[in-house]
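# Tertiary structure, described
Chain residues, written in single-letter form:
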Amino acid sequence: MNANAFEDPRITAVGLLFEVHAGLAARFAAQLEEHGLSPVEFEVLTRLTRSPANQLRMTDLAAQTSLSTSGVTRVVDRMERDGLITRRACPSDRRSSYAVVTPAGLRRLDESLPGHLQLIEDWFTGQLDPAALDALLSGLRRVRDAVHPCATAGSGNDETSTECDEGR
C-alpha cells in the first residue's frame with residue numbers, strides 16, 4: 001500500500017468533517033440534556049417547527065432525520081408520552097399520519113434554543129467569516145442533496161415528497 005495514500009486530501013476532508021461533527025454533537029448533547037431533550041428529540045422538534053403548520057407526515061419525518069420508519073415511530077411514541085408532539089390522521093390518506101408539535105413542545109424548543117444558538121455561534125459559525133460560511137453552506141447543501149436527496153421531504157416541495165415516496 002502506498003503510504004502517501006493517507007495523505008490524500010479526500011481522507012483529510014472526511015476526517016475533519018467527522019471530527020467537527022463529533023465535537024459539536026458532544027457540546028449540543030450536553031446543552032440539550034439541561035432541557036430534558038436528546039439530540040434526536042431536538043432534531044424532531046426543529047424539523048417539525050420549520051415545516052408548514054408545524055407538522056410532517058411520519059414518512060417525511062423519517063426521510064428528513066435519516067431514521068428508519070420504526071425509529072421515528074419509537075421517538076414519536078416517546079415524545080407523545082412526554083406531551084411534546086401529537087399524531088394527527090392524514091385526511092387524504094388513511095395510511096399516513098402527521099407528527100405535530102404541541103404547545104409544550106414549542107415551549108421546550110424555545111427554552112433550549114438560545115443556548116443552542118450560542119453554541120453554534122461560539123463553536124461553528126463564529127469560527128468563519130461571512131464568505132467562508134456562505135461557501136461552506138453551499139458546499140454542504142450540494143453534498144447533502146447528493147447523499148440524502150429526501151432530506152427536505154415534506155418541507156413544502158411536493159416534488160421532493162413524491163420522489164421520496166416513490167423511492168420507498
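Remember, predicted model here, so these are calculated numbers, not experimental data. (Residues numbered from 1 in each chain as written. Predicted model: local features only at pLDDT ≥ 70, side-chain atom pairs only at ≥ 80, totals over all residues. Heavy atoms only, no water.)

The subject of this paragraph is the pattern of salt bridges. Tallied over the entire structure, the rule returns eight salt bridges. The salt bridge partner of Glu43 is Arg47, with a shortest N-O separation of 3.5 Å. Taken together, the positions of Glu43 and Arg47, both in helix H2 (residues 39–49) and four residues apart, correspond to about one turn of that helix. Here Arg47 falls in the partly exposed class, since its relative accessible area comes to 26%. A salt bridge links Asp145 to Arg144; its shortest N-O distance comes to 2.7 Å. We classify Asp145 as partly exposed; its relative accessible area is 40%. (Salt bridge = Lys/Arg side-chain N within 4 Å of Asp/Glu carboxyl O. Helix = DSSP H or I, 4+ residues; strand = E, 2+ residues; numbered from the N terminus. Buried < 20%, exposed > 50% of the residue type's maximum accessible area, 1.4 Å probe, protein only.)

We now examine helix H3 (residues 58–65). Of all eight residues in H3, seven are buried, a share of seventy percent or more. Residues of H3 that are buried include every one of Met58, Asp60, Leu61, Ala62, Ala63, Gln64 and Thr65, and no others. Count one or two residues on from H3 and you reach Ser66, which has phi positive near 65 degrees.

So, about helix H6 (residues 130–147). For H6, with 18 residues, the first-to-last C-alpha span of 26 Å sits near the 26 Å given by 1.5 Å per residue. The opening residue of H6, the one whose side-chain oxygen lies 3.1 Å from the backbone nitrogen of Ala131, is Asp129. (Expected span 1.5 Å × (residues − 1). Polar contact = N/O pair within 3.5 Å; in protein donor to acceptor, adjacent residues only side chain to side chain.)

So, on to unusual backbone geometry. Notably, Ala53 is not glycine yet its phi reads approximately 60 degrees, a positive angle. On the secondary structure map, Ala53 appears in the loop between H2 and strand S1 (55–57). Of note in the backbone geometry, Asn54 takes a positive phi value of approximately 55 degrees without being a glycine. Within the secondary structure layout, Asn54 lies in the loop between H2 and S1. Taking relative accessible area as the criterion, Asn54 reaches 23% and is therefore assigned partly exposed.

Glancing now at the confidence of the model for the protein chain. Averaged over every residue, the pLDDT of the protein chain is 90; the share at 70 or more is 92%. By mean pLDDT, helix H7 (residues 158–166) is the weakest element of the protein chain at 51, and helix H5 (residues 103–123) is the strongest at 97. (pLDDT = per-residue confidence, 0-100.)

Turning next to the sheet that holds strand S2 (residues 85–89). Judged by pairing direction, the sheet is antiparallel, and its three strands sit side by side in the order S1-S3-S2 without closing on themselves. With partners counted over all chains shown, the strands left at the sheet margins are S1 and S2, one partner each. For this sheet the average axis-to-axis angle between neighbouring strands, irrespective of direction, equals 25 degrees. As paired strands, S2 and strand S3 (residues 97–101) are joined by five bridges and run antiparallel to one another. Bridge pairing links Arg87 to Ala99 in S3. (Pairing = 2+ DSSP bridges. Axes fitted to C-alpha atoms, helices over the stretch in contact; angles between N-to-C directions.)

Turning to the pairing of S3, a few remarks are in order. Here S3 lies mainly inside the structure; four of its five residues are buried. The sheet contact formed by S1 and S3 spans three bridges and is antiparallel. By the bridge assignment, Gln55 is partnered in S3 with Val100.

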